[in-house]
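Okay, here's what each chain looks like letter by letter:
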Amino acid sequence: KPDVVLFNAGVDVHEEDQLGHLNVSDEGLKVRDRYVLETCLKQSLPVACVLGGGYSPLRHRSLVRRHGITCEAVGQVGLAHG
């Protein structure tokens, strides 16, 4: 069992990203983030999240929104698990 999980919550997998080409939607990011966080917390594993990626030129608002998805998931899952 690991001592800690480092979750690199990159958004370069997003459908609008020029480098990732994985076509994950905003909803897909939400599902991914909640899955990772809930899975770790159910196993009593501490999680450290880092934000990364985001290569959509001139779309800073959408990039901030995508990173915010992870921040929101941390808050929601954290509240749900006390």
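Residues numbered from 1 in each chain as written. Predicted model: local features only at pLDDT ≥ 70, side-chain atom pairs only at ≥ 80, totals over all residues. Heavy atoms only, no water.

So, on to the pairing of strand E1 (residues 5-10). Looking at chain direction, E1 and strand E2 (residues 47-52) are connected through six bridges and run parallel. The residue bridging Ala9 from the neighbouring strand is Leu51, located in E2. Following the backbone out of E1, through helix H1 (residues 26-42) and into the adjacent parallel E2, one traces a crossover that is right-handed. (Pairing = 2+ DSSP bridges. Helix = DSSP H or I, 4+ residues; strand = E, 2+ residues; numbered from the N terminus. Right-handed = clockwise from strand over helix to strand, strands pointing away.)

Turning our eyes to something else, we now look at the confidence of the model for the protein chain. The predicted model of the protein chain has a mean per-residue pLDDT of 90, with 98% of residues at 70 or higher. Looking across the protein chain, the model is least confident in helix H2 (residues 60-80), with a mean pLDDT of 90, and most confident in H1, with 96. (pLDDT = per-residue confidence, 0-100.)

With that settled, the discussion passes to the side chain of Asp17. Relative to the assigned elements, Asp17 resides in the loop between E1 and H1. No salt bridge is formed by the buried Asp17; the nearest opposite charge belongs to Arg66, separated by 5.1 Å. In this structure, Asp17 is in contact with Val11, Asp12, Gly54, Tyr55 and Ser56, ignoring residues within four places of it in sequence. (Buried < 20%, exposed > 50% of the residue type's maximum accessible area, 1.4 Å probe, protein only. Lys, Arg positive; Asp, Glu negative; His and termini not counted. Salt bridge = Lys/Arg side-chain N within 4 Å of Asp/Glu carboxyl O. Contact = heavy atoms within 4.5 Å.)

The next point concerns unusual backbone geometry. With a phi close to 60°, Asn23 is a non-glycine residue in the positive phi region. Turning to its location among the elements, Asn23 is positioned in the loop between E1 and H1. Among the residues examined, Asn23 registers a relative accessible area of 55% and is labelled exposed. Of note, Ser44 is a non-glycine position whose phi angle comes to about 55°, a positive value. Mapped onto the secondary structure, Ser44 falls in the loop between H1 and E2. Classification of Ser44 as exposed rests on a relative accessible area of 60%.

Turning our attention to the pattern of salt bridges. Within this structure, the stated rule accounts for four salt bridges. Residue Glu16 is joined to Arg66 by a salt bridge in which the shortest nitrogen-to-oxygen separation is 2.8 Å. Within this pair, whereas Glu16 is found in the loop between E1 and H1, its partner Arg66 is found in helix H2, the two being separated by 50 residues in sequence. We note a salt bridge from Arg32 to Asp33, for which the minimum N-O separation is 2.8 Å. Its relative accessible area of 0% is what places Asp33 among the buried residues.

Moving on to H1. Taking 1.5 Å per residue as the helical rise, H1 with its 17 residues ought to reach 24 Å, and the 24 Å between its terminal C-alpha atoms agrees with that figure. Buried residues along H1 sit in contact with E1, E2 and H2. Downstream of H1 by a residue or two, Ser44 has a phi angle that is positive, lying close to 55°. (Expected span 1.5 Å × (residues − 1).)

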